[in-house]
Amino acid sequence: MITRLTGIRDDDLAGAPSAADAVARFAAFAGDGVFVGHNVGFDLSFLERNGFAPGAQRLDTADLASMLLPSAPSYALQRLAADDGIVPAAAHRALDDALTCAGVLAALAARARALPAALLEEARSYAAVLGPAAEQFFADAVVGAVKHGWDTDGTDLRVRPGPASPAPAESRSKAMLDAATSLGLIRNFEDRPEQRQLAIEIERTMATGGVLVAEAGTGVGKSIAYLLPALGRALDGERVIVSTHTLPLQDQLVRKDLPDLQTALGTDVRIAVLKGRSNYLCPRRWQLFRTQVTTREEARLALKTLIWRTTTASGDRAELNLLGGESALWSRVSADDETCTSRRCAATRGGCYLERARSAAAGAGIVVVNHALLLHDARGGGNLLPEADHVVVDEAHHLEDAASDAFGFKLETWRTRRDLDRIAHSPLALSALKGDDPALVEAAQTLREEIGRANGTSDETFAALGTLLPEGTDRLRITGGLRASDDRWLPIELAAERMGDALAGIRAAGDRLAARGGDEDELVEHESAMKELVGEQGAIEHGVHQPKPGEIAWLERATDGIGLYVAPAHVGSALRRTLFDRHRSVVLTSATLGVAGTMTFTMDRLGVSDIAGTLRVGSPFDHANQAVLIVPSDISLPHDEHFAEEAALIVGDIARALNGRTLVLFTSHAAMREVGAQLGGLEDTGIAVLTQGVDGSRRAILERFAGGSSVLLGTQSFWEGVDLPGDQLRCVVIAKLPFPVPDDPLIQGRSERYDDPFREYHLPLAALRLRQGYGRLIRSKTDRGAVVLLDRRVILKDYGPTFLASLPAVRVQRIPSEGIALIVAEHCARG
């Protein structure tokens, strides 16, 4: 792998000095200079392990880039260089990388000098926390900075909201088919009968009301099919909410599909994107955060957001690339504060981003949201989103899990510590402790004592819960039988009761402190912090003291502690009451809703069996000719000890035959790592093996895979949302039929509704998941490739036909393992 990455071979190092000698010579050359590097700490730690004196001054270009380019998608050295037009002679060689780093440093310095001098002065104060070299970098930038205006509070945005969009055009009705004829004006549009059929049925549902469950195969273009009637309803003065599960689809709708449609149709419907409160920067809380910077992570976030605010119009966290501990700090500057009002934020120069987004949504004909916000709005009775006549839920196969989260409760170690710490360090509590009023000081001290008691009782509660999770057990369902018969449960109840009392004590002490006064900002922040305790109290009640029929409670162990979770076993009734009954029409759509030709399973899970109409339109792709499904006739079954070895042999053969271009999907990280460990030989042939969780982030390894000559090994997150059309991907290998994990508490609890849980629940879930994995392959009419399913149970077991009947009409071949690579290569070559 090192040879492939760098080009260095063992022979090139013949006669080279030892590491210690090289480091000694380097130290003599460098003296007490400042060390500049990309992630320079890694290089210095290596030098220090080989005799270099510790404590050298350092300047990290990765750090600088993350602050000066807050919205950059990647901070990899080569990516930054390419974005600035820097073309290195080579990559991953020491001298070339050093020269590239120097070029990036120069480009970053130029960016810094283009910022207002007053902003740079503030940035310099934060950079002092990062070290003398970083502080000097910004001090130098001040000298050459552009002398344009910048208010002393740093909030005079250069990008201000533009004028409001004009009101919607006079209402007019549009016949569905007449509108569809305009679609030829859209970029790269192909007229598809399936898309027309879907659009007409959605238009009919919106016109007459009701619920429609619509499955549209890959390539139908379902987003255009529902946006077209949505625009028609908006032109008639009705509002449509469109909900997606993933950010990429949301961006596609807002940045491409809707603009294209409006251009083609000549419409000017106002479009808005609205997210949950925690996604937006709160200018007021940010101002407070800027006065409390003491750590490196705080300094980085303060500097990054200071620069970001010069360009952002939305204040949306999605524009930021937050690294490491910056993500954890975001809650201190986000608008996730139920007590905040537009009047209070109006005093902050630049205004409130959340209120700006809500105002845009209130005046929009189409509002794009995500499932989490849609369902939290539903649970809260509709106080987050504007009233809407119609709702379209795309990626609807995720709706059940999103609803389980929205309608459930959580008690987590990290969250409890964060909430208690936030109350203890609220501006009201801190100012009261430092004040001259004895009564205020006493009230603040009482609050501190109650927080200390709550910290102790919460530690006891999490420790008691942890006794139910012995070493090696990550999850455990809490059942009625466990509560009644396990001797460990009584200490949990007692500890949780003490914790609940302590939380109530904090509330009482906090109310007494607030009653004694404080400025408005302090009081609002204090009340916001107090409200965070409501979630913990709900989890204690539902998870420990008063469990309700129809709720699933379970424990999970994580690296940062224990979590107690409660979720409804069946979300249908909650969705029916809060979502489907509140809107004139609701359309649920996805490429994977049906199992073996019927959508009964999905409709039951979502509680719409008796009220929904259904529609299934197939894919316009010719799967019978474009794809082939291969099942090895002689491979061991997945539970056999030789399966991983045999699977690795097949994957290796396919990868060599296709020069990579192979995606391998697993149902567990352990199986993925076991197979991956046996694919090292591919590296010697110039084919990279990219493993999820080992070779970088999901985005990074997808980018590397798209570059060619690679095999990608992934688990759950790679079964969907991966779009690698054309020659980038030729083969998808599915290691095992994706049955749900039987000891998953949610799976256990949901299974209890069925007489035959395997046939009625586990099998349909697995069939839907297999469809998602299969769907990674054929993404356009010109794609061609093979899916290799290594699990012979699809042929041997009586449930196999359910899986095969759920897939598109693809040819199935059952052949010996040694012939698979040849068949795959021949099939791809015919394309």
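Residues numbered from 1 in each chain as written. Predicted model: local features only at pLDDT ≥ 70, side-chain atom pairs only at ≥ 80, totals over all residues. Heavy atoms only, no water.

**Describing the sheet that holds strand β11 (residues 561-568)**
Right, on to step 1. In space, the four strands of this open sheet follow the order β8-β11-β10-β9, with antiparallel pairing throughout. Two strands lie at the open edges of the sheet, namely β8 (409-412) and β9 (475-478), each paired on one side alone. In this sheet, neighbouring strand axes are inclined to one another by 20 degrees on average, regardless of whether the strands run parallel or antiparallel.
Right, on to step 2. Relative to the sheet, helix α22 (residues 438-466) contacts β8, β10 (551-558) and β11, its axis offset from that of β11 by approximately 80 degrees. (Pairing = 2+ DSSP bridges. Helix = DSSP H or I, 4+ residues; strand = E, 2+ residues; numbered from the N terminus. Axes fitted to C-alpha atoms, helices over the stretch in contact; angles between N-to-C directions. Contact = heavy atoms within 4.5 Å.)

**Overview of the pattern of salt bridges**
Right, on to step 1. What the rule picks out here adds up to 48 salt bridges.
Right, on to step 2. A salt bridge links Glu215 to Arg771, with the nearest nitrogen and oxygen atoms 2.7 Å apart. Remark: Arg771 occurs in helix α34 (residues 757-774) and Glu215 occurs in strand β3 (residues 210-216); sequence separation between them is 556 residues. One exposure class covers both Glu215 and Arg771, and it is buried.
Right, on to step 3. Put simply, Asp63, Arg296, Glu297, Arg300, Lys304 and Glu326 are held in one network by salt bridges that share partners. (Salt bridge = Lys/Arg side-chain N within 4 Å of Asp/Glu carboxyl O. Buried < 20%, exposed > 50% of the residue type's maximum accessible area, 1.4 Å probe, protein only.)

**With respect to the environment of Glu326**
Right, on to step 1. Along the chain, Glu326 turns up in helix α15 (residues 326-329).
Right, on to step 2. Linking Glu326 and Gly681, residues 355 residues apart in sequence, is a C-alpha distance of 39 Å.
Right, on to step 3. Leaving out residues up to four positions away in the same chain, Glu326 has contacts with Ser66, Glu297, Arg300, Leu301, Lys304 and Asn321.

**Considerations on helix α12 (residues 247-265)**
Right, on to step 1. The first and last C-alpha atoms of α12 sit 26 Å apart over 19 residues, in line with the 27 Å expected at 1.5 Å per residue.
Right, on to step 2. The largest bend in α12 comes to about 40 degrees, at Leu253.
Right, on to step 3. By the burial criterion, the buried members of α12 are Leu249, Gln250, Leu253, Asp257, Leu258, Asp260, Leu261, Gln262, Ala264 and Leu265.
Right, on to step 4. In the segment just after α12, Gly266 is the residue with positive phi, at about 70 degrees. (Expected span 1.5 Å × (residues − 1). Bend = angle between axes of the 7 residues up to and from the residue.)

**Overview of the packing of aromatic side chains**
Here a ring pair, both rings aromatic, is described through the centre-centre distance and the interplanar angle of the planes.
Right, on to step 1. Under the counting rule described, the total for this entry stands at 14 aromatic pairs.
Right, on to step 2. Arranged with centres 5.5 Å apart and planes meeting at 35 degrees, the rings of Phe739 and Phe758 form a pair that is tilted. With Phe739 in the loop between β18 (731-734) and α33 (745-751) and Phe758 in helix α34, the pair connects residues that are 19 residues apart, well separated along the chain.
Right, on to step 3. Assessed through its relative accessible area of 29%, Phe758 is described here as partly exposed.
Right, on to step 4. Within the aromatic cluster, the residues linked to one another by ring pairs are Phe26, Phe29, Phe35 and Phe52.
Right, on to step 5. Above the plane of the ring of Phe409 lies Arg379, whose end atom (NZ or CZ) is 4.9 Å from the centre.
Right, on to step 6. Sitting above the plane of the Tyr754 ring, Arg753 keeps its charged end 5.5 Å from the centroid. (Phe/Tyr/Trp six-rings, centres within 6.5 Å; stacked < 30°, edge-to-face > 60°. Lys NZ or Arg CZ within 6 Å of the ring centre and 35° of its normal.)

**Details of the sheet that holds β3**
Hydrogen bonds between backbone atoms are what pair the strands of a sheet, whose relative direction is either parallel or antiparallel.
Right, on to step 1. Pairing is parallel across the open sheet formed by seven strands, whose spatial order is β5-β6-β4-β7-β12-β3-β13. For this open sheet the edge positions go to β5 (271-273) and β13 (612-617), each flanked by a neighbour on one side alone. Averaged over all adjacent pairs, the angle separating strand axes in this sheet is 15 degrees, with direction ignored.
Right, on to step 2. Across the sheet, helix α10 (residues 193-208) is in contact with β3, β4 (240-244), β7 (390-393), β12 (585-590) and β13; its angle to β3 comes to roughly 170 degrees.

**Let's talk about helix α4 (residues 61-68)**
Right, on to step 1. Most of α4 is tucked away, with eight of its eight residues classed as buried.
Right, on to step 2. Looking at α4, one finds that the buried residues are Thr61, Ala62, Asp63, Leu64, Ala65, Ser66, Met67 and Leu68.

**Regarding the packing of helix α20 (residues 413-424) against α22**
Right, on to step 1. One way to put it is that α20 packs onto α22 with a least axis distance of 10 Å and a crossing angle of 175 degrees. Here α20 lies roughly antiparallel to α22, going by the angle between them. Listed contacts from α22 to Thr413, Thr416, Arg417, Leu420, Ile423 and Ala424 of α20 are Leu447, Arg448, Ile451, Ala454, Asn455, Ser458, Asp459 and Phe462.
Right, on to step 2. When the residues that make up the contact of α20 with α22 are grouped by side-chain class, the tally is seven nonpolar, four polar and three charged. (Parallel < 35°, antiparallel > 145°, perpendicular 65-115°, else oblique. Nonpolar A, V, L, I, M, F, W, Y, C, P; charged D, E, K, R; others polar.)

**So, the confidence of the model for the protein chain**
Right, on to step 1. Looking at the protein chain as a whole, its pLDDT mean stands at 89, while 92% of the residues score no less than 70.
Right, on to step 2. Contacts from residues 147-177, a stretch scored under 50 in pLDDT, to residues over four places away or in other chains number 64 contacts. (pLDDT = per-residue confidence, 0-100.)

**Things to note about the nonpolar core**
Right, on to step 1. Core analysis: the largest hydrophobic core is formed by 91 residues, its most contacted members being Phe137, Phe138, Leu274, Leu575 and Leu588.
Right, on to step 2. If we ignore the near neighbours within four places in the chain, the residues touching Leu575 are Leu375, Leu399, Ala403, Phe407, Phe580 and Leu606. (Core = buried A, V, L, I, M, F, W, Y, C linked by side-chain atoms within 4.5 Å.)

**Focus: the pairing of β4**
Right, on to step 1. Burial runs high along β4: five of the five residues are buried.
Right, on to step 2. Residues Val240, Val242 and Thr244 point to one face of β4 and Ile241 and Ser243 to the other, with burial holding for every one of them.
Right, on to step 3. Note: β4 against strand β6 (residues 366-370), five bridges, orientation parallel. Following the sheet pairing, Thr244 is matched in β6 by Asn370.
Right, on to step 4. Pairing of β4 with β7 involves four bridges; the strand directions are parallel. For Ile241, the partnering residue across the bridge sits in β7 and is Val391.

**Describing the packing of helix α7 (residues 117-130) against helix α8 (residues 132-143)**
Right, on to step 1. Where α7 meets α8, the axes come as close as 7 Å, and the angle between the chain directions of the two elements is 170 degrees. By the angle class used here, α7 and α8 are roughly antiparallel. Residues Ala117, Leu120, Glu121, Ala123, Arg124, Ala127, Ala128 and Leu130 of α7 lie in contact with α8, whose contacting residues are Ala134, Glu135, Phe138, Ala139, Ala141 and Val142.
Right, on to step 2. The residue makeup of the contact of α7 with α8, split by class, is eleven nonpolar, no polar and three charged.

**Some details on a nonpolar patch on the surface**
Right, on to step 1. Taken together, the side chains of Ile795, Leu796 and Val812 present a nonpolar region at the surface, about 220 Å² in accessible area.
Right, on to step 2. As for its placement among the helices and strands, Ile795 is situated in helix α35 (residues 793-796). (Patch = residues over 30% accessible without salt bridge, like charges linked within 9 Å, V, L, I, M, F, W, Y side chains within 5 Å. Areas by Shrake-Rupley, 256 points an atom, 1.4 Å probe, with all protein chains shown as cover.)

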